[in-house]
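A closer look at the structure
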Amino acid sequence: MEQTAFICFAVSAFFAGFSLPLGRVMLAATLLMFVVDRVRRRAVVKLAPSGWLYLAFLAWAVGVTVYGVDPYRGVPCLTKLFWFAGVLAGGWLVTTSDRLATVLGAYTIGTSLVALRTLAMAPWQAWKTLHAGLQPDFMTALVNTGSMSDSQRCMVGLILALGFIMAVRRLGGRAAWWWVVAGLAGLALALSFKRGAWFATVAVLAVLLAVRGGWKAWLGLAAALVVLLSLPPMQHRLQALADEFDAGRGGRMTMWTKVAPALVREHPWCGVGYRSLTNEDFRRIAPEIEPDRDHLHSNVVEMVVSTGWIGFALYLAWMGAALLEAVGLVRRTRRSAGAEGMLSLVLLLGFCALLLNGLVEYNFGDAKLVLVYGLLMGCAAGLRNDGRLMLKG
């Protein structure tokens, strides 16, 4: 049954690349089978530090939300936090390098499907909204079809695909399939027009090439950036970045400099509760806030406001522990002659890309990306002890 539970986890990773409901169903099946297996064997399960800190953060978030400013709004949203349980499932099941490759490969292939959907549907949806008179021009319509969730799914998929390319070539194999997957993810990421995902991707790819790339890889990255930056839509999106730093426009800077400080002063230690705020709450402090905004576009700012300074400390400890587990895995496998070293590195970089983008996007609260967070943290947690099984009994 433990083997079946791992298969379910790998299938969950595949679905996490493009389908939230199916990814959740298979993750639930994974947890159920594993628990049944442990009970039947009367085995004790050990958790990684990231697993314990996840449970601590979850307990705190539940408490402050139940007693927060609007429990009727916040409590139903708490179920989203339960799907970070991938950090537990992966910590229990991803115990060998072969399992790591299986899970990461399944997710990466899954992102090729969401990339295909983006490339096929985004222009069609933009055309429909333009002809319905809802957008002024096609380019604006295309930009507005971009999905923050799918762009970051493709961001992680691209990073992992490049890792598989380097690993396969290092072993003397042919990586044609992984080039296709990387190309689809890269094109879909570009077409999403999400600047935070662009910057995070470029940053971690620069690290990847600095560590493992040669001059040809650097040349390829530079050529890709030149081509993309020469396109008018890309230039328009980058030029519009200046608007985000205007605190009077009701965007991110208004939220970070006016709304968040006021809410933290009102609820410093325990916060307002998870997902317990409305746009009206924001506009009470800053009437210029954009309509329909009910989160603060930053994991860091949102955690302080939602769960207070105590919850923020737990969040930092949790992310820090997961990051250290991923770094430790890279250090242990860096001299490996197989694929383990490269896959460990891109696992770390994929997680770092999510954290970087989370500075300017609230991707911690995105249900689709919750599965990706749990998947990456779980893989690092499972192999934290040189790949040895962390079960006793």
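Residues numbered from 1 in each chain as written. Predicted model: local features only at pLDDT ≥ 70, side-chain atom pairs only at ≥ 80, totals over all residues. Heavy atoms only, no water.

**Some points on the overall build of the protein**
A count of helices and strands for the protein gives 18 helices and two strands. A principal-axis box enclosing the C-alpha atoms of the protein has dimensions of 60 × 50 × 35 Å. Every one of the 393 residues in the protein was classed for burial, and the buried ones make up 53%. Of the contacts made within the protein by residues no fewer than 6 positions apart, 77% connect residues no fewer than 24 positions apart. Surface accessibility of the protein: about 17100 Å² in total, with carbon and sulfur atoms responsible for 67%. Counting 36 positive and 22 negative side-chain charges, the protein places the averaged centre of each group 11 Å from the other. (Helix = DSSP H or I, 4+ residues; strand = E, 2+ residues; numbered from the N terminus. Buried < 20%, exposed > 50% of the residue type's maximum accessible area, 1.4 Å probe, protein only. Contact = heavy atoms within 4.5 Å. Areas by Shrake-Rupley, 256 points an atom, 1.4 Å probe, with all protein chains shown as cover. Lys, Arg positive; Asp, Glu negative; His and termini not counted. Charge placed at Lys NZ, Arg CZ, Asp CG, Glu CD.)

**Comments concerning the packing of aromatic side chains**
Across all of its chains, the model carries 21 aromatic pairs by this definition. Measuring from ring centre to ring centre gives 5.2 Å for Phe 84 and Trp 318, while their planes differ by 80°; the resulting arrangement is edge-to-face. Of this pair, Phe 84 sits in the loop between α5 (79-82) and α6 (86-93) while Trp 318 is found in helix α16 (residues 299-333), placing the two residues 234 residues apart along the sequence. Put simply, the rings of Tyr 54, Phe 57, Phe 84, Trp 309, Phe 312, Tyr 315, Trp 318, Phe 351, Phe 364 and Tyr 373 touch in pairs and so form one group of aromatic residues. Over the face of the ring belonging to Phe 6 we find Arg 99, whose NZ or CZ atom lies 4.4 Å from the ring centre. (Phe/Tyr/Trp six-rings, centres within 6.5 Å; stacked < 30°, edge-to-face > 60°. Lys NZ or Arg CZ within 6 Å of the ring centre and 35° of its normal.)

**A closer look at the packing of helix α7 (residues 97-131) against helix α17 (residues 340-357)**
For the pair α7 and α17, the least separation of the axes is 10 Å and the interaxial angle reads 50°. By the angle between their directions, the pair α7 and α17 is classed as oblique. Seen along the crossing, α7 lies across α17 with a hand that is left-handed. Facing Ser 97, Leu 100, Ala 101 and Leu 104 of α7, the residues of α17 in contact are Glu 340, Leu 343, Ser 344 and Leu 347. Across the contact of α7 with α17, the residue classes tally to five nonpolar, two polar and one charged. (Axes fitted to C-alpha atoms, helices over the stretch in contact; angles between N-to-C directions. Parallel < 35°, antiparallel > 145°, perpendicular 65-115°, else oblique. Left-handed = near helix turned anticlockwise from the far one by under 90°. Nonpolar A, V, L, I, M, F, W, Y, C, P; charged D, E, K, R; others polar.)

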